[in-house]
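Each chain, written out:
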Amino acid sequence: TKRLPLWRKLGYGTGDFGANCCWTFAASFMMLYFTNVLGISAGVVGTLIMVSKILDGFTDVFMGNVIDRTHSRMGKARFWLLVSTIPLAISTYLLFNVPASFNENTKYVYIFVVYTLMGAVFYTMNNIAYSTLMALCSKDPRDRVQMGSFRYIFAMISGIVIQYATSGLVEAFGGGQQGWRMVSLIFSVLCF
């Protein structure tokens, strides 16, 4: 079988850098944003996130079945990867832009809906399709192992950048809602 060139494996790996600009950013900093900037209850938000993660378990299986049944000119997975990228970036931006005019209950509904769309729908769609690409790109087990390695290297790089830069960027953009708005825009663009 023909082996994949190194540049294709690197190219595959960079995809996880982008996806983690949304996922790692949200997973690492949303509770801090919700409690410190919006001033809402961590217990209620934690419960909403837990319910959303339970739904995520079902959407993962559903999306796997959808990809298995997909027959498009772009293949099984690439179509879903492309379809999910823009909504994933937009929903990440919206998650860190809860309107200040909302009352507390409306904020909870907004957070639940946007977080569920981001994590259980668009990130699931993106990540399941992205993972499927590895099996579709090569039949050679060595290529698949190397692709997975590059993927995780770029995911780790993304996580390190996000963890290191976020707090400083929020402060550099003025802190509060304005700072989070700008940082979420930056990471959403990088995700896209």
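A brief report on the enclosed structure follows. Model, not experiment: these values are computed from the prediction. (Residues numbered from 1 in each chain as written. Predicted model: local features only at pLDDT ≥ 70, side-chain atom pairs only at ≥ 80, totals over all residues. Heavy atoms only, no water.)

**Brief notes about the environment of M63**
- Within the secondary structure, M63 is located in helix α2 (residues 42-69).
- Between the alpha carbons of M63 and V45 there is a distance of 26 Å; along the sequence they are 18 residues apart.
- Apart from residues no more than four positions distant in its own chain, M63 is found in contact with W80, T124, M125 and I128. (Helix = DSSP H or I, 4+ residues; strand = E, 2+ residues; numbered from the N terminus. Contact = heavy atoms within 4.5 Å.)

**Focus on helix α6 (residues 176-191)**
- A rise of 1.5 Å per residue sets the reference length of α6, with its 16 residues, at 22 Å; its end C-alpha atoms lie 22 Å apart and thus fit the reference within 8%.
- Of the positions making up α6, those classed as buried are G179, W180, V183, S184, F187, S188 and C191. The buried residues of α6 occupy an angular sector of 160° when the element is viewed end-on, so they sit on one face.
- Of the surrounding secondary structure, the elements contacted by the buried residues of α6 are α1 (6-37), α3 (78-95) and α5 (141-172). (Expected span 1.5 Å × (residues − 1). Buried < 20%, exposed > 50% of the residue type's maximum accessible area, 1.4 Å probe, protein only. Arc of directions from axis to C-beta.)

**Some details on a nonpolar patch on the surface**
- On the surface, M50, V51, I54, L55 and F58 cluster together into a nonpolar patch covering about 490 Å² of accessible area.
- Tracing the backbone through its elements, the reader meets V51 in helix α2. (Patch = residues over 30% accessible without salt bridge, like charges linked within 9 Å, V, L, I, M, F, W, Y side chains within 5 Å. Areas by Shrake-Rupley, 256 points an atom, 1.4 Å probe, with all protein chains shown as cover. Salt bridge = Lys/Arg side-chain N within 4 Å of Asp/Glu carboxyl O.)

**Points about the packing of α1 against α2**
- Across the interface, α1 lies against α2 with an axial gap of 9 Å and an inter-helix angle of 150°. Between α1 and α2, the interaxial angle falls into the category roughly antiparallel. Here α1 runs over α2; the crossing is right-handed. Along its contact with α1, which presents W23, M30, M31, F34 and T35, the element α2 presents A42, V45, G46, I49 and K53.
- Partitioned by chemical class, the residues of the contact of α1 with α2 number seven nonpolar, two polar and one charged. (Axes fitted to C-alpha atoms, helices over the stretch in contact; angles between N-to-C directions. Parallel < 35°, antiparallel > 145°, perpendicular 65-115°, else oblique. Left-handed = near helix turned anticlockwise from the far one by under 90°. Nonpolar A, V, L, I, M, F, W, Y, C, P; charged D, E, K, R; others polar.)

**Things to note about the packing of aromatic side chains**
- Inspection of the entire model under this criterion finds 14 aromatic pairs.
- For the pair W23 and Y123, a centre-to-centre distance of 4.9 Å together with 15° between the ring planes defines the contact as stacked. Within this pair, whereas W23 is found in helix α1, its partner Y123 is found in helix α4 (residues 104-137), the two being separated by 100 residues in sequence. Y123 shares its class with W23; the two are buried.
- Ring geometry for F96 against W180: centres 5.7 Å apart, planes inclined by 15°, an arrangement best described as stacked. Placement of F96 in the loop between α3 and α4 and of W180 in helix α6 is noted, with a sequence separation of 84 residues between them. (Phe/Tyr/Trp six-rings, centres within 6.5 Å; stacked < 30°, edge-to-face > 60°.)

**So, the side chain of N97**
- Positionally, N97 belongs in the loop between α3 and α4.
- Relative accessible area serves as the criterion here: at 10%, N97 is assigned to the buried category.
- Polar side-chain contacts of N97 include one of 2.9 Å to the side chain of R181.
- Dropping the residues within four chain positions of it, N97 is found in contact with Y33, Y110, Q177, R181 and S184. (Polar contact = N/O pair within 3.5 Å; in protein donor to acceptor, adjacent residues only side chain to side chain.)

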